[in-house]
Structure formats: structure tokens, C-alpha cells
Amino acid sequence: MTSTPPPPISEPDPSTFTASSSHVGPCSGCQRPTHKYGSGGLPLCQWCLAAARDNWGPAVRFTSTRTQGGDGRTR
Ligand SMILES: [Zn+2]
């Protein structure tokens, strides 16, 4: 699976197309307009989110309230 290089940050994340303007904010990674899920938090565009998933594993959005004694890899 080849990874598509992200477009220039002047291009908004596709998720903004279906989001109301009040739910669009700068990506916390690259500052491109992206869909955010509330007034707080750190929104990530799909490209930064993909990179974050690569770094942190698939459970990135669900930070550990319980530790499973692993390194994040469940299989
Ligand atoms: Zn980004």
C-alpha cells in the first residue's frame, strides 16, 4: 500500500467538507483546516492522523485507562 503524500496545507482536510464551519479548526500537526470535534482537543487531519497511528498504534484515540501490559500491539 503506497502512501499518498499530503497535499499542501492550503488544501483543507476532506473531512471539513461535511463538517459545519464551527467544527473546522487548524490541525494540531500541520495547521491545515480540518474537522475538529469540539472546542477543546487537538484535531488532526487525516494525514497527521495516519502518521500518528503509525507512531502510536491503532489505539491512539483511546488512551489507556487500563494497562494491558503490552507495548500497544494487540494481535
Ligand atoms: Zn495535519
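Structural data are supplied above this passage.
Now for a look at the structure at hand. Since this is a predicted model, take the numbers as computed values, not measurements.

The rules behind each value
- Residues numbered from 1 in each chain as written.
- Predicted model: local features only at pLDDT ≥ 70, side-chain atom pairs only at ≥ 80, totals over all residues.
- Heavy atoms only, no water.
- Helix = DSSP H or I, 4+ residues; strand = E, 2+ residues; numbered from the N terminus.
- Buried < 20%, exposed > 50% of the residue type's maximum accessible area, 1.4 Å probe, protein only.
- Contact = heavy atoms within 4.5 Å.
- Donors = N, O, S within 2.8 Å, 3.2 Å for Na, K, Ca; no water.
- Tetrahedral: all angles 85-135°; square planar, octahedral: opposite > 155°, others 65-115°.
- Core = buried A, V, L, I, M, F, W, Y, C linked by side-chain atoms within 4.5 Å.
- Lys, Arg positive; Asp, Glu negative; His and termini not counted.
- Salt bridge = Lys/Arg side-chain N within 4 Å of Asp/Glu carboxyl O.
- Polar contact = N/O pair within 3.5 Å; in protein donor to acceptor, adjacent residues only side chain to side chain.

Attention shifts here to the overall build of the chain. From N to C terminus, the chain includes 1 helix and 2 strands. Ordering the α and β elements of the chain from the N terminus gives β-β-α. When each of the 75 residues of the chain is scored for burial, the buried share is 21%. For the chain, long-range pairs separated by at least 24 residues make up 20% of all intrachain contacts whose partners lie at least 6 apart in sequence.

Another aspect to go through is the coordination of the zinc ion. For the zinc ion, the full set of protein donor atoms is C27 (SG), C30 (SG), C45 (SG) and C48 (SG), at a range of 2.3 to 2.4 Å. Of note is the zinc ion, whose 4 donor atoms meet at the metal with angles of 102 to 115° in an arrangement that counts as tetrahedral. The motif formed by the donor residues of the zinc ion, counted along the single chain, is C-x2-C-x14-C-x2-C. One end of the pair, C27, is in the loop between β1 (24–26) and β2 (33–35); the other, C48, is in helix α1 (residues 46–56), and 21 residues separate them in sequence.

Looking now at the nonpolar core. If you look at the biggest cluster of nonpolar residues, it comprises 5 residues: C27, C30, C45, W47 and C48. Leaving out residues up to four positions away in the same chain, C27 has contacts with R32, T34, P43, L44, C45 and C48.

Glancing now at the side chain of T34. Secondary-structure assignment places T34 in strand β2. When neighbours within four sequence positions are excluded, T34 is seen to be in contact with D13, S15, T16, H23, V24, G25, P26, C27, P43, L44 and C45.

This brings us to the side chain of D13. Following the sequence through the fold, D13 ends up in the segment before β1. There is no salt bridge for the buried D13, and the closest opposite charge comes from R32, which lies 5.4 Å off by N-O distance. Within polar-contact distance, the side chain of D13 engages the side chain of S15 at 2.4 Å. Beyond its immediate sequence surroundings of up to four residues, D13 is in contact with R32, P33, T34, C45, Q46 and W47.

Right, let's get into unusual backbone geometry. Unlike most non-glycine residues, Q31 shows phi in positive territory, near 70°. Residue position: Q31 is located in the loop between β1 and β2.

Here we come to the environment of C48. When its relative accessible area of 19% is taken as the criterion, C48 is described as buried. Sequence separation between C48 and C30 is 18 residues; the distance between their C-alpha atoms is 7.4 Å. In this structure C48 touches C27, G29 and C30, once residues within four positions along its chain are discounted.

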